[in-house]
Amino acid sequence: MQRPYNFSAGPAAIPEEVLQQAAAEMLDWHGSGMSVMEMSHRGPQFESIIAQAEADLRELLGIPDDYAVLFMQGGAIAENAIVPLNLSRGAKADYVVTGSWSQKSQLEARKYCDVHLSASAHDEQGYGSIPDNAAWSIRPDAQYLHVCTNETIDGVEFHFVPDSHGVPLVADMSSHLLSRHVDVARYACIYGGAQKNIGPAGLTLVIVRRDLLGHALPQCPSAFDYALVAANHSMFNTPPTYAIYIAGLVLQWIKRQRFGDLVGLAAVEARNIAKAQLLYDALDASQLYETRVARECRSRMNVPFHLRDTTLNAAFLQGADAAGLLQLKGHKSVGGMRASIYNAMPMEGVQALVNYLQDFEKHRA
Ligand SMILES: *Cc1c(COP(=O)(O)O)cnc(C)c1O
């Protein structure tokens, strides 16, 4: 069966091998006689699944031992509250706004602390750039500086680690975590929902430096108190067991990936660079399509683009669907189209999209 290529921004495509393995193990996981969905989260089988997932995540990202890995729920939108509840001490927190998601983050944080915008990239065109890091106004006594390192809606990605002048750096990495190498030690806290690049919706990953734990505000729900979640190895309440299992299979899939001489995350990153290049080159070469994001911060994962003749939008999407290229419609706040090309999108899928872009331009524009 040839499945169509799914360009959804999230929940997004999952590697076919992972879906097949999950299907094969659905009724009887490793001779247990149970589906993973049916297991106690405190039994030895599930204990081994979550321990392996954590070990693989630590290995792939080189997470230092002084960081806790938390498997939580609520997605990045819940983290917009959970982060200030845990890390702001009800005092000052600084935010950089480079797109719709970081904008949401800073608005939510205002419920819990004194928020200051260190920089904002919004202009008449919307978002599409990152203000010069050297010009950010960072309060030296801020408890943390928050950034969103890949703006899923606007297609803006940080290709550098921001200098936060010693203020702990917190990053929403929902839509590019595990798409590239990340120097975890330069961040105080990294979080992200799994449903973009890691697995099914329902799981949120948090990687947080242990010395920052233990200062949650009194009103912080216990299930969202990082210190309690860490002390209980993500079992303070029932974790999203099936989503953790699938994420674990995806992590093992990443470890098996090869691209040229590269293996694992390095291979995935090199392939992502090649995929993005193929797509941006095609868009840049065209008269019909345009991208509005500054070149130096174009996202490798989410590629918004516009048809200069917007009357062709409906025909473009209809033809794409018929060609097996699904979910290309852009986010309503940006309009146009968006191709999300996460880890699970093979090079062939991007090539099929490029072929379609060129064919559509030739015959319809
Ligand atoms: C998808 C996304 C979110 C929202 O995630 P939820 O799971 O809906 O809470 C927040 N931030 C970024 C960067 C995202 O890509």
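Residues numbered from 1 in each chain as written. Predicted model: local features only at pLDDT ≥ 70, side-chain atom pairs only at ≥ 80, totals over all residues. Heavy atoms only, no water.

A. Region of the structure containing the sheet that holds strand β5 (residues 145-148). Strands sit in the order β2-β10-β9-β8-β5-β3-β4 across an open sheet of seven strands; the sheet is mixed. Two strands bound the open sheet, and with one partner strand each, they are β2 (67-72) and β4 (114-120). Taken over all neighbouring pairs, the strand axes of this sheet differ in orientation by 20° on average, direction set aside. Here strand β8 (residues 169-172) runs beside strand β9 (residues 189-193); their pairing, made up of three bridges, is parallel. When the bridges of β9 are listed, Val 170 appears paired with Cys 189. (Pairing = 2+ DSSP bridges. Helix = DSSP H or I, 4+ residues; strand = E, 2+ residues; numbered from the N terminus. Axes fitted to C-alpha atoms, helices over the stretch in contact; angles between N-to-C directions.)

B. Representation of the packing of helix α3 (residues 75-87) against helix α4 (residues 100-109). Where α3 contacts α4, the two axes come as close as 9 Å, and the packing angle between them is 45°. Looking at the two axes, α3 sits oblique to α4. Remark: the crossing between α3 and α4 carries right-handed chirality. Residues Ile 77, Asn 80, Ala 81 and Pro 84 of α3 form the contact with α4, whose own contacting residues are Trp 101, Lys 104, Ser 105, Glu 108 and Ala 109. Counted by class, the contact of α3 with α4 contains five nonpolar, two polar and two charged residues. (Parallel < 35°, antiparallel > 145°, perpendicular 65-115°, else oblique. Left-handed = near helix turned anticlockwise from the far one by under 90°. Contact = heavy atoms within 4.5 Å. Nonpolar A, V, L, I, M, F, W, Y, C, P; charged D, E, K, R; others polar.)

C. Summary view of the environment of Arg 186. Following the sequence through the fold, Arg 186 ends up in the loop between β8 and β9. The exposure class assigned to Arg 186 is partly exposed, which follows from its relative accessible area of 48%. Distance in space between the C-alpha atoms of Arg 186 and Leu 169 is 7.4 Å, their sequence separation being 17 residues. Discounting residues that sit within four places of it in the chain, Arg 186 has contacts with Val 161 and Leu 169. (Buried < 20%, exposed > 50% of the residue type's maximum accessible area, 1.4 Å probe, protein only.)

D. Representation of a nonpolar patch on the surface in the model. A contiguous nonpolar patch, built from Met 26, Leu 27 and Met 37 and spanning about 320 Å² of accessible area, is present on the exposed surface. Looking at where Leu 27 falls in the secondary structure, it is placed in the loop between α1 (16-24) and α2 (44-61). The exposed category is assigned to Leu 27, whose relative accessible area is 71%. (Patch = residues over 30% accessible without salt bridge, like charges linked within 9 Å, V, L, I, M, F, W, Y side chains within 5 Å. Areas by Shrake-Rupley, 256 points an atom, 1.4 Å probe, with all protein chains shown as cover. Salt bridge = Lys/Arg side-chain N within 4 Å of Asp/Glu carboxyl O.)

E. Main features of the domain arrangement of the chain. With domains assigned, the chain is organised as domain 1 (17-254) and domain 2 (257-364). Distance between the C-alpha centres of domain 1 and domain 2: 26 Å. Contacts between domain 1 and domain 2 engage 24 residues on the former and 25 residues on the latter. Summed over both partners, the interface of domain 1 with domain 2 buries about 2,100 Å², with 52% contributed by carbon and sulfur atoms. Viewed at the interface, domain 2 and domain 1 are joined by 14 residue pairs in polar contact (both at pLDDT 80 or more). Broken down by secondary-structure element, the contributors of at least two residues to the side of domain 1 that touches domain 2 are α2, β7 (156-157) and α6 (241-256). Counted by class, the side of domain 1 that touches domain 2 contains eight nonpolar, 12 polar and four charged residues. (Domains from an automatic or database assignment. Buried area = accessible area lost by both parts, 1.4 Å probe. Polar contact = N/O pair within 3.5 Å; in protein donor to acceptor, adjacent residues only side chain to side chain.)

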